[in-house]
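# A closer look at the structure
So you can see what is in the structure, the chains are spelled out below.
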Amino acid sequence: MKGLIFNIKRYAIHDGPGIRVTYFMKGCPLECRWCHNPEGIRREIQEVERVDRIGNKQFTVKETVGKYYTSEELLDIAMKDMVFIEESGGGVTFSGGEPLMQEGFLSESLKMFNLYGIHTVVDTSGYASRSTIDLILPFTDLFLFDIKHLDPEMHKEYTGVSNEKILDNYNYILGKGKQVIIRIPVIPGFNDDIKQMTALRDFVASQPGANINRVDLLPYHRIGSSKYRRFKLEYKMQDIDQPSTGKMKEMKGFFAGSGVNVKIGG
Ligand code: SF4
């Protein structure tokens, strides 16, 4: 079996504990307005044109985005960094896109890394069927689980899907005793108002005994915006400013005030 991957990041330090190799899998059932990896949304190999500049000269470079890998090939890549991975208490992370969209390949790969005693993280939107969750659960050491908004309508408007299935899976995963880091993207005009932040904070704090390692508040940024044109997607966040450092610190204090272990960034 092969999996479609659009990027592999070695020496990743924001995708789980320690130094990791992160595999970015192609395909996502959501279309979040702020997505900074739009190249991960379509589950297909894409041919795009990139404009590069050297001095005053401009070049158009054709680029193929997405490549099929076997699980063994992913293992070989991780093995090259094993000294750093072991020394730092790291491992491998499957991100995307949405890794759960390629459930067969993902479960096969996770199982293999498990056999080699390598720590596994799945970075997910949580939007998947229960059978998919059940398939990967035994081989996933830690979930990076996105909680974006608690109102189903708002969630649908900004991401294309409702949050019911996501929250249901979140509760299911916690109920199974799995380790979770919650990731909340802080998106101005979507979830950064006091009402929604209070709801999110209370939601997290309502499960004090659960295995929630931490909450990561991820400030919206425009880093991926230039890719939208390349992938023929509309960027709807053009007029939205990034949250200020002061605002992010305020939010961190707000969550910490309820006893939540919280961090800005991943
Ligand atoms: S869930 Fe993540 S990868 Fe998918 S569209 Fe949203 S931000 Fe992008």
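Below is a summary of the structure that appears in this document.

Criteria and thresholds
Residues numbered from 1 in each chain as written. Predicted model: local features only at pLDDT ≥ 70, side-chain atom pairs only at ≥ 80, totals over all residues. Helix = DSSP H or I, 4+ residues; strand = E, 2+ residues; numbered from the N terminus. Near = placed C-beta within 6 Å. Nonpolar A, V, L, I, M, F, W, Y, C, P; charged D, E, K, R; others polar. Pairing = 2+ DSSP bridges. Axes fitted to C-alpha atoms, helices over the stretch in contact; angles between N-to-C directions. Contact = placed C-beta atoms within 7 Å. Core = buried A, V, L, I, M, F, W, Y, C linked by C-beta atoms within 7 Å. Buried ≥ 20, exposed ≤ 12 C-beta atoms within 10 Å, placed from the backbone. Parallel < 35°, antiparallel > 145°, perpendicular 65-115°, else oblique. Left-handed = near helix turned anticlockwise from the far one by under 90°.

When helices and strands are tallied, the protein shows nine helices and 11 strands. Counting only C-alpha atoms, the protein reaches 50 × 50 × 35 Å along its principal axes.

Attention now moves to the site of the ligand. Around the ligand sit 13 residues in total, of which Cys28, Leu30, Cys32, Cys35 and Ser125 are the nearest. Along the lines of polarity and charge, the residues of the shell around the ligand split into five nonpolar, six polar and two charged.

With that out of the way, let us pick up the sheet that holds strand β2 (residues 20–25). Across the sheet, nine strands lie side by side as β5-β1-β2-β6-β7-β8-β9-β10-β11; this open sheet has mixed pairing. The open sheet terminates on both sides in strands that have one partner only, identified here as β5 (67–70) and β11 (262–264). This sheet shows a mean twist of 30° between the axes of neighbouring strands, independent of strand direction. Pairing of strand β9 (residues 179–186) with strand β10 (residues 212–219), which is carried by seven bridges, proceeds in the parallel orientation. Each bridged residue has a counterpart across the sheet, and for Arg183 the counterpart in β10 is Asp216. Contacting β1 (2–12), β2, β5 and β6 (91–96), helix α1 (residues 71–80) crosses the sheet at an angle of about 85° to β5.

Moving on, we get to the nonpolar core. Core analysis: the biggest nonpolar cluster contains 58 residues, and Tyr23, Phe143, Phe145, Ile182, Ile184 and Val215 have the highest contact counts within it. If you tally residues by element for this core, the top one is β9, at five residues. Once residues lying within four places of it in the same chain are set aside, the contact partners of Ile182 are Phe145, Ile147, Val204, Ile212 and Val215.

Moving on, we come to unusual backbone geometry. Gly97 follows Gly96 through a cis peptide bond whose omega is 15°. Positive phi values are uncommon outside glycine, yet Tyr11 reaches one of about 55°. Mapped onto the fold, Tyr11 is located in strand β1. In the Ramachandran plot, Lys232 falls in the positive-phi region, its phi being about 55° despite a non-glycine side chain.

With that out of the way, let us pick up the packing of α1 against helix α3 (residues 103–115). In contact at an axis separation of 9 Å, α1 and α3 are set at 45° when each is read in the N-to-C sense. As the angle between them shows, α1 and α3 are arranged oblique. You can see that α1 and α3 cross each other, and the crossing is right-handed. Residue-level contacts link Ser71, Leu74 and Leu75 of α1 to Glu108, Ser109, Met112 and Phe113 of α3. Across the contact of α1 with α3, the residue classes break down as four nonpolar, two polar and one charged.

Among the structural elements, Gly175 can be located in helix α6 (residues 164–175). Along the chain, Gly175 and Asn211 lie 36 residues apart, while their C-alpha atoms are 9.2 Å from each other.

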